[in-house]
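Chain residues, written in single-letter form:
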Protein chains: 2
Amino acid sequence: MYMHVTAPTQYVEANGIRFAHRRFGKETGVPLLFMQHFRGGMDNWDPAITDGFAKGRPVILFNNAGVASSSGETPSTIEAMAEYAADFVNALGLSQVDLLGFSIGGYVAQALSLQRPKLVRCLMLVGTGPRGGEPTTDSLQRARTLPEGGLEDFLYLFFSPSASSQAAGRAFWERRHLRKNDVDPPSSPQTMKAQAAAFTEWLQARGERFSELKGITQPALVVNGNRDIMIPTINSFTLSQHIPNAQLIIYPDSGHGSLFQYPDLFLFHARKFLDG
Amino acid sequence: MYMHVTAPTQYVEANGIRFAHRRFGKETGVPLLFMQHFRGGMDNWDPAITDGFAKGRPVILFNNAGVASSSGETPSTIEAMAEYAADFVNALGLSQVDLLGFSIGGYVAQALSLQRPKLVRCLMLVGTGPRGGEPTTDSLQRARTLPEGGLEDFLYLFFSPSASSQAAGRAFWERRHLRKNDVDPPSSPQTMKAQAAAFTEWLQARGERFSELKGITQPALVVNGNRDIMIPTINSFTLSQHIPNAQLIIYPDSGHGSLFQYPDLFLFHARKFLDG
């Protein structure tokens, strides 16, 4: 059976885009589609998490339009990214998926759940926030977001300053680099620029602030670290207050990448959520 | 083996108080001490929860000074209640306990953890808040808190208005009345008055708001419903932001009594937390 490190990159074409993706795990069940953070591609996921989920369900990683090994241009709004994601899911012939949206991928997961409610069974929103949410006040965060991220950037941006969180960050970094063959190229400057524009646009409320979250009728699990300097943790609380059927879990001594700090605990909670 | 419905009420004397208590469950392991809500006694716990925990550890229910079947007067500060609780634990000869503090019992659990840090291994804070937290704005809540609570009051105060939450409330009410023999008398007007005074005093910050929470060094699990009209849910978020090692879980479509609405899910999360 394929796993995170061995699953071959495959391609499917839809709406003029050649979508790179990898599928592994159990053959039957509702597939879990992973939606990645700013600049990230398929290789930026944690094998501890992807393989952990794959034991119980099909797992699908993909690069959205323009990202890394997918063709095309990355659009500059979250809603357009969600449309491309729907094209991709349809091209795979899937009638329903679960979503794990991390960071900007959590924005796309929300937009997709609103645009195609029947396509999404459950969604997990990790290290993310609502449209019109609270922006970060961390100036160093802003300075470090755009350059190509190395270990030190990830340790600062995704983990807390404590020794144990930093050690968990280094362990994540090793797992994240276990795959050596058939890896993604980095995302292009066009993708970074378009994602940054979409990120900024998402900070603007439309109409009554947070009112659109009432339309997310799927069960939602909202997860974050208690000290997220990328998308402040209060945004996760806000999501859980406005999405009608949302459970919130906040982990201690952790930041934006809490799922990579506590992969086993996150899997424990997330599988319970998905399996009901 | 004794269970919630069959465990006999026992008494132990300390500091001039005859403390009513019941112990059941596994003989070995760190006992889990339950700290009850405003006006409540041992019979106000949910057997689904107490018996659920009892499968894996000793469970101890007790009435603090003056409450229900315990003798003495109820003091009018949270800190004095915590001192009495420490007297009770010492009188049982226990060197360490875990705490499940619900509502005002969560205030007492925080105070006890600060006063006797070595006595407390882990604490669970459910439907509660920090000293100096946000008061309720629900006027109907305030009007209904003081009278002796019947089913309709519990359904309004502890559950959400949805049909499924109200149904869960009625199921809780049935479980809560399964014990027919050797039950507590209701708490006295003196207890209600003293607890109300302690509750009001707890709303006043001392020094820098929330700064004392840094002193709670034990692992903490903070739990609430997403619509708590007794102690607003934002207070649970605040606890998790200021207690150094706190995990937060907020359940959907639920209120102050979220643990009674989702006893199985709460047990699933709480046992994972306690067992590490």
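Small disclaimer: the values here were computed from a predicted structure and weren't measured.

What follows is about the relation of the copies chain A and chain B. In screw terms, the move from chain A to chain B is a rotation of 180° and a rise of 0.0 Å along the axis, fitting with an RMSD of 0.0 Å. Expressed as an axis order, the relation between the two copies is that of a two-fold axis. Residues of chain A ranked by C-alpha distance from the rotation axis are headed by I249 of chain A, positioned 2.3 Å from it. Interface overlap between copies: 100% of the residues of chain A at the interface are likewise at the interface in chain B, consistent with a symmetric, same-surface contact.

Okay, the pairing of strand 7 (residues 220-225) of chain B next. Residues and elements named next belong to chain B. Of all the 6 residues making up strand 7, 6 are buried; the element is thus mostly covered by neighbouring parts of the structure. Burial of strand 7 is two-sided: the residues A220, V222 and N224 facing one way and the residues L221, V223 and G225 facing the other way are all buried. A crossover links strand 7 with its parallel partner strand 8 (residues 246-251), the connecting element being helix 8 (residues 234-242), and its sense is right-handed.

Residue and element names in this part refer to chain B. With the rule as written, the count across this model stands at 24 salt bridges over all chains. Linking D275 and R57 is a salt bridge whose minimum nitrogen-to-oxygen distance equals 2.8 Å. Here the residue D275 occupies a position in helix 10 (residues 263-275), and R57 occupies one in the loop between helix 1 (47-54) and strand 4 (58-62), the gap between them amounting to 218 residues. R57 sits in the buried class, given a relative accessible area of 5%. Residue R179 is joined to D182 by a salt bridge in which the shortest nitrogen-to-oxygen separation is 3.0 Å. Judged by relative accessible area, R179 falls into the buried class, the value being 7%.

Residues and elements named next belong to chain A. By secondary structure assignment, the location of H21 is in strand 2 (residues 17-25). Classification of H21 by relative accessible area gives buried; the value is 6%. On a C-alpha basis, the gap between H21 and M42 in space is 7.7 Å, while along the polypeptide they are 21 residues apart. Leaving out residues up to four positions away in the same chain, H21 has contacts with P8, T9, Q10, Y11, V12, M42, L61, F62, F88 and L92. Within polar-contact distance, the side chain of H21 engages the backbone oxygen of F19 at 3.2 Å.

Quick look at the interface of chain A and chain B now. Taken together, the 21 residues of chain A in the interface contact 21 residues of chain B. Applying the counting rule to chain A against chain B returns 0 salt bridges. Linking chain A to chain B there are 6 residue pairs in polar contact (both at pLDDT 80 or more). Mapped by element, the contributors of at least two residues to the side of chain A that touches chain B are helix 8 (234-242), strand 8 (246-251) and helix 10 (263-275) of chain A.

Right, let's talk about the packing of aromatic side chains for a bit. Across all of its chains, the model carries 38 aromatic pairs over all chains by this definition. For the pair F34 of chain B and W45 of chain B, a centre-to-centre distance of 4.9 Å together with 80° between the ring planes defines the contact as edge-to-face. Taken as a pair, F34 of chain B in strand 3 (residues 32-35) and W45 of chain B in the loop between strand 3 and helix 1 lie far apart in primary sequence, 11 residues in all. W45 of chain B shares its class with F34 of chain B; the two are buried. Above the plane of the ring of W173 of chain A lies R176 of chain A, whose end atom (NZ or CZ) is 5.8 Å from the centre. The ring of F268 of chain A carries the charged tip of K272 of chain B above its face, separated from the ring centre by 4.4 Å.

Conventions we followed
Residues numbered from 1 in each chain as written. Chains lettered and ligands numbered in written order. Predicted model: local features only at pLDDT ≥ 70, side-chain atom pairs only at ≥ 80, totals over all residues. Heavy atoms only, no water. Least-squares fit on C-alpha atoms with pLDDT ≥ 70 in both. Contact = heavy atoms within 4.5 Å. Buried < 20%, exposed > 50% of the residue type's maximum accessible area, 1.4 Å probe, protein only. Helix = DSSP H or I, 4+ residues; strand = E, 2+ residues; numbered from the N terminus. Right-handed = clockwise from strand over helix to strand, strands pointing away. Salt bridge = Lys/Arg side-chain N within 4 Å of Asp/Glu carboxyl O. Polar contact = N/O pair within 3.5 Å; in protein donor to acceptor, adjacent residues only side chain to side chain. Phe/Tyr/Trp six-rings, centres within 6.5 Å; stacked < 30°, edge-to-face > 60°. Lys NZ or Arg CZ within 6 Å of the ring centre and 35° of its normal.

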